[in-house]
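Analysis of the macromolecular model
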Amino acid sequence: MAGSLTYTAIDSTSLSTAEIYGQALVELGRAHPEVVALTADLAKSTKIGDFQKEFPDRFFNVGIAEQDMMGIAAGMAKAGLVPFLSSFSVFTSLRAGEQLHTDLCYQNINAKVIATHSGTSFGQAGSTHHAICDLAVTRSFPNLTVICPADGYETYNAVMAAYNTPGPFYIRINRGFDRVLYKDKDYGFELGKAVTVNEGTDLTIIACGSCVFQAWEAAKFLEVNDGLKVRVLDMHTIKPIDKEAIIKAVTETRRIITVEDHTVIGGLGSAVAEVVVEAGKGCAFRKLGIQDQFAPIGLHEDIMNALGIDSNGIINAVRDVMKMDFEEDDDWDDEM
Amino acid sequence: MSLTKAEWLALEKKAYELRTLCLDTTSWAGSGHIGGGMSCMDLLTVLYHKYLHLRVDEPNWPDRDRFVLSKGHAGIAYAPVLCDYGFNDPEMLKTFNLSGSKMGIHLDANKVVGVDASTGSLGHGLPMALGMALAARVQGKDYKTYVLLGDGECDEGSNWEAAMAASNFKATNLISFVDRNGCMIDGKTEDVMKLEPFADKWAAFGMEVRSIDGNNIKEICDAIDEALANESDKPFMIILNTVKGEGIDFMEGDYTWHYGAINEEKYADAKASLEKHYQKRLARVEKEAE
């Protein structure tokens with residue numbers, strides 16, 4: 001792994017997730033002359049200005065032209081550079097979706113898309129700036145690794161893992177500050193492996209992005225108030241998804257709730273459901289997320305509340321699912 | 001480096017051979033994008049046999065010149081060029097467009113040796129070529145990047161994003177061409193979606209524009225020489241005014257030959273036409289060579 005983190009846990013509460021990405025990028029830039037950064041008039045918003053200052057010859061602002069940014073990055077990667085592209089998730093996944101699909105994924109290009117302002121994190125900007133479909137879209141692209149980090153340290157780990165793993169990456173991060181889930185970067189991040197944030201046997205919450213912290217808070221509350229042992233998995237890698245952790249959750253807790261700041265069609269919940277169904281084992285299952293609608297306008301936390309993907313919504317969902325009359329047949333275990 | 005008569009004759013011979021191989025490939029495949037393949041064959045010949053610095057035994061040589069065929073559907077012309085050059089076994093051409101082949105209509109850079117970028121979706125080549133050109137600058141390398149667009153393709157807005165960026169970044173190590181054969185699938189370009197004043201558009205986007213006879217090998221060489229000697233800070237855009245189906249009389253200028261099938265009878269006619277076309281080209285060299 002390249003370099004080492006130069007800020008502390010205290011810094012991670014004073015730096016937004018994108019700023020932490022910006023620092024990680026500078027660190028990569030210092031260690032690796034082939035790393036270049038591109039943006040589409042969002043250097044300030046995506047916090048890659050430090051890289052621009054330190055490496056002006058390796059920084060390219062292509063103007064408001066996301067398709068062009070993708071294509072240029074593909075050409076650069078073909079010539080041996082390692083481009084990090086930063087723009088808002090809604091534009092990288094949809095406006096330039098075909099370039100991501102064809103130029104980066106089809107050619108299996110070693111380029112890393114850092115998609116900021118994901119989910120409803122740019123809440124007040126409205127649906128033109130919410131990215132509620134990007135996981136569904138990007139997850140379907142062959143060769144692409146898709147990551148939705150839970151907080152700043154996880155973003156750092158994801159960015160480093162992306163550098164160290166050849167091929168195209170799509171890392172979706174939030175605008176602004178994320179609640180701090182991890183005290184430092186050394187918590188055992190591994191690409192494609194869920195992090196068990198809370199152990200439990202009654203039910204498993206599988207979450208990604210900003211919903212992981214909310215799920216963790218819900219689990220702590222439910223333990224104290226309802227006596228429930230709720231497992232919380234931080235499923236940071238949406239693709240390739242950690243099938244083993246999902247099947248383990250099915251067999252050990254038999255109740256699963258997925259939570260994501262994304263439509264429930266095609267994202268984390270769908271990815272988990274695919275694994276559950278293919279495992280041949282039924283389990284009580286609920287997908288929390290955006291229920292096939294455009295999200296309201298507002299502060300991120302207010303939208304999460306309205307959508308039922310904050311800790312309150314998760315607590316309610318857990319209580320509902322615990323009440324479900326989930327039948328196990330007699331030979332349930334034998335079928336595994 | 002002006003074109004000598006011997007060089008010109010050699011290039012005409014090569015262009016003739018490659019047109020024949022393109023016709024053969026279309027015949028083996030049963031059908032193909034032969035019209036737009038023939039229109040750009042003179043440029044492909046000139047690039048691969050006069051200008052591109054490549055190593056047959058080291059296809060991924062980091063310092064090689066790059067070429068991006070943005071009009072990826074001309075793969076039926078490009079595949080013969082790459083096989084003839086030695087990058088791929090010419091026997092592969094007999095599998096072109098067939099199930100299980102490494103060569104589909106649009107060549108895949110991960111399957112066909114010598115292809116610098118997988119194209120086919122239009123409007124992607126110029127941005128990618130620009131990326132290669134900018135990478136050369138970052139890496140301190142002096143290779144050139146060449147890119148060929150189709151004219152119908154220029155309806156795609158991404159080309160104009162890239163033109164703006166090429167000019168903005170002063171990417172003079174990028175040399176661009178448009179195969180202006182005037183045809184697209186549904187008709188003449190000016191009937192489907194007006195491109196004119198085409199040269200003015202590129203100039204307005206900051207390119208140094210030349211408009212030449214794109215089926216005249218001498219003119220192509222002169223324009224590339226000028227582009228290579230370019231001391232302005234504007235990237236070169238060379239508009240190749242060409243004829244769709246150049247060399248095969250019954251296809252020439254006919255937009256319906258964007259994609260067509262070749263049966264035995266048509267093959268014989270086409271072959272005879274190519275031979276006549278070659279003889280006319282040789283006569284032109286005799287007349288015009290310095």
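Residues numbered from 1 in each chain as written. Chains lettered and ligands numbered in written order. Predicted model: local features only at pLDDT ≥ 70, side-chain atom pairs only at ≥ 80, totals over all residues. Heavy atoms only, no water.

Once that is clear, we can look at the environment of valine 321 of chain A. Residues and elements named next belong to chain A. Residue placement: valine 321 occurs in helix H13 (residues 311-323). For the pair valine 321 and serine 210, spaced 111 residues apart in the sequence, the C-alpha separation amounts to 22 Å. When sequence neighbours within four positions are dropped, the list of residues in contact with valine 321 reads Leu203, Arg255, Ile257, Ala284 and Arg286. (Helix = DSSP H or I, 4+ residues; strand = E, 2+ residues; numbered from the N terminus. Contact = heavy atoms within 4.5 Å.)

This part covers the pattern of salt bridges. All names here are of chain B. Applying the stated criterion to the full structure yields 32 salt bridges over all chains. A salt bridge links arginine 281 to aspartate 42, with the shortest nitrogen-to-oxygen separation between them at 2.8 Å. A residue pair is termed long-range when its members are at least 10 positions apart, and arginine 281 in helix H10 (residues 264-288) and aspartate 42 in helix H3 (residues 41-51) qualify at 239 residues. Assigned by exposure class, arginine 281 and aspartate 42 land together as buried. We note a salt bridge from glutamate 208 to arginine 210, for which the minimum N-O separation is 3.1 Å. Within this structure, Glu12, Arg19, Asp42, Glu246 and Arg281 form a network of salt bridges that share partners. (Salt bridge = Lys/Arg side-chain N within 4 Å of Asp/Glu carboxyl O. Buried < 20%, exposed > 50% of the residue type's maximum accessible area, 1.4 Å probe, protein only.)

Moving on to the confidence of the model for chain B. Of all residues in chain B, 100% have pLDDT values of 70 or greater, and the mean over the chain is 97. Two numbers describe this predicted complex: its pTM, 0.94, and its ipTM, 0.94. (pLDDT = per-residue confidence, 0-100.)

What follows concerns the packing of aromatic side chains. The relation between two aromatic rings is expressed through the spacing of the ring centres and the mutual angle of the planes. All names here are of chain B. Going through the model one piece at a time under the given rule, you end up with 17 aromatic pairs over all chains. Counting every residue linked through ring pairs, the aromatic cluster contains Tyr48, Phe67, Tyr78, Tyr85 and Phe87. Geometry around tyrosine 143 places arginine 66 over its ring, the cationic atom sitting 4.1 Å from the centre. (Phe/Tyr/Trp six-rings, centres within 6.5 Å; stacked < 30°, edge-to-face > 60°. Lys NZ or Arg CZ within 6 Å of the ring centre and 35° of its normal.)

Side chains of nonpolar character tend, in soluble globular proteins, to be buried together. Core analysis: the biggest nonpolar cluster contains 78 residues, and Leu38, Met76, Leu100, Ile246 and Ile256 of chain A together with Leu174 and Trp202 of chain B have the highest contact counts within it. The element best represented in this core is helix H5 (residues 125-139) of chain B, accounting for nine residues. Residues within four places of tryptophan 202 of chain B in sequence aside, it is in contact with Leu126, Leu149, Cys154, Asn159, Trp160, Ala163, Val178, Met207, Val209, Met237 and Ile239 of chain B. Residues Ala162, Leu181, Val259 and Ala295 of chain A belong to the second largest nonpolar core, which totals 66 residues. (Core = buried A, V, L, I, M, F, W, Y, C linked by side-chain atoms within 4.5 Å.)

Residue and element names in this part refer to chain A. The complete set of buried residues in helix H10 (residues 243-253) reads Ala245, Ile246, Ala249, Val250 and Thr253. Down the axis of H10, the sector holding all buried residues measures 145 degrees, keeping them to one side. For H10, the elements touching its buried residues are strand E8 (203-207), strand E9 (230-234), strand E11 (255-263) and helix H11 (268-279). Once H10 finishes, arginine 254 follows within two positions and takes phi at roughly 55 degrees, a positive value. (Arc of directions from axis to C-beta.)

Another point: the sheet that holds E8 of chain A. Residues and elements named next belong to chain A. Strand order across the open sheet formed by five strands is E7-E9-E8-E11-E12, with mixed pairing between neighbours. Where the open sheet ends on each side, the last strands, each with one partner, are strand E7 (195-198) and strand E12 (284-290). Adjacent strand axes in the sheet meet at a mean angle of 25 degrees, parallel and antiparallel pairs treated alike. Contacting E8, E9, E11 and E12, H13 runs over the sheet at an angle of about 160 degrees to E12. (Pairing = 2+ DSSP bridges. Axes fitted to C-alpha atoms, helices over the stretch in contact; angles between N-to-C directions.)

Turning to the interface of chain B and chain A, a few remarks are in order. Listed by partner, the interface residues are 24 residues for chain B and 26 residues for chain A. Together chain B and chain A conceal approximately 2000 Å² of surface at their shared face, both sides included; 58% is due to carbon and sulfur atoms. The largest contributions to the chain B side of the interface with chain A come from His124, Val138 and Glu161 of chain B, which together make up 27% of the buried area. Linking chain B to chain A there are zero salt bridges. For the interface between chain B and chain A, the tally reads nine residue pairs in polar contact (both at pLDDT 80 or more). Mapped onto the side of chain B that touches chain A, the elements with two or more residues apiece are H5 and helix H6 (157-168) of chain B. With nine residues, H5 of chain B is the single largest residue contributor to the side of chain B that touches chain A. Here the side of chain B that touches chain A is built from residues that sort into 13 nonpolar, seven polar and four charged. (Buried area = accessible area lost by both parts, 1.4 Å probe. Polar contact = N/O pair within 3.5 Å; in protein donor to acceptor, adjacent residues only side chain to side chain. Nonpolar A, V, L, I, M, F, W, Y, C, P; charged D, E, K, R; others polar.)

Residues and elements named next belong to chain B. When you tally the buried positions in strand E3 (residues 145-150), you get six out of six residues, the bulk of the element. Of the two faces of E3, the one lined by Thr145, Val147 and Leu149 and the one lined by Tyr146, Leu148 and Gly150 are each fully buried. By the bridge criterion, four bridges tie strand E2 (residues 66-69) to E3 in an arrangement that is parallel. Looking at E3, one finds that valine 68 is bridged to valine 147. Two elements, E3 and strand E4 (residues 174-180), share six bridges in a ladder whose sense is parallel. Looking at the pairing, glycine 150 lines up with aspartate 179 of E4. With H6 bridging E3 and the parallel E4, this β-α-β connection has right-handed handedness. (Right-handed = clockwise from strand over helix to strand, strands pointing away.)

Before going further, it helps to examine the sheet that holds strand E4 (residues 112-116) of chain A. All names here are of chain A. Within the open sheet, the seven strands sit side by side as E2-E1-E3-E4-E6-E5-E10. Their pairing is mixed. Of all the strands in the sheet, the pair left with one neighbour each is strand E2 (59-61) and strand E10 (237-239). Neighbour-to-neighbour, the strand axes of this sheet turn through a mean angle of 20 degrees, independent of strand direction. Of the pairings in the sheet, the one linking strand E5 (residues 145-147) to strand E6 (residues 169-172) comprises three bridges and is parallel in character. Paired with threonine 145 across the two strands is phenylalanine 169, which belongs to E6.

Turning next to the state of the cysteines. Considering all chains together, one arrives at zero disulfides over all chains under this definition. Distance from the sulfur of cysteine 208 of chain A, which forms no disulfide, to the nearest cysteine sulfur (cysteine 148 of chain A) is 3.8 Å. What makes cysteine 208 of chain A buried here is its relative accessible area of 1%. Sulfur of cysteine 221 of chain B: no disulfide; nearest cysteine sulfur belongs to cysteine 40 of chain B and is 15 Å away. (Disulfide = S-S within 2.5 Å.)

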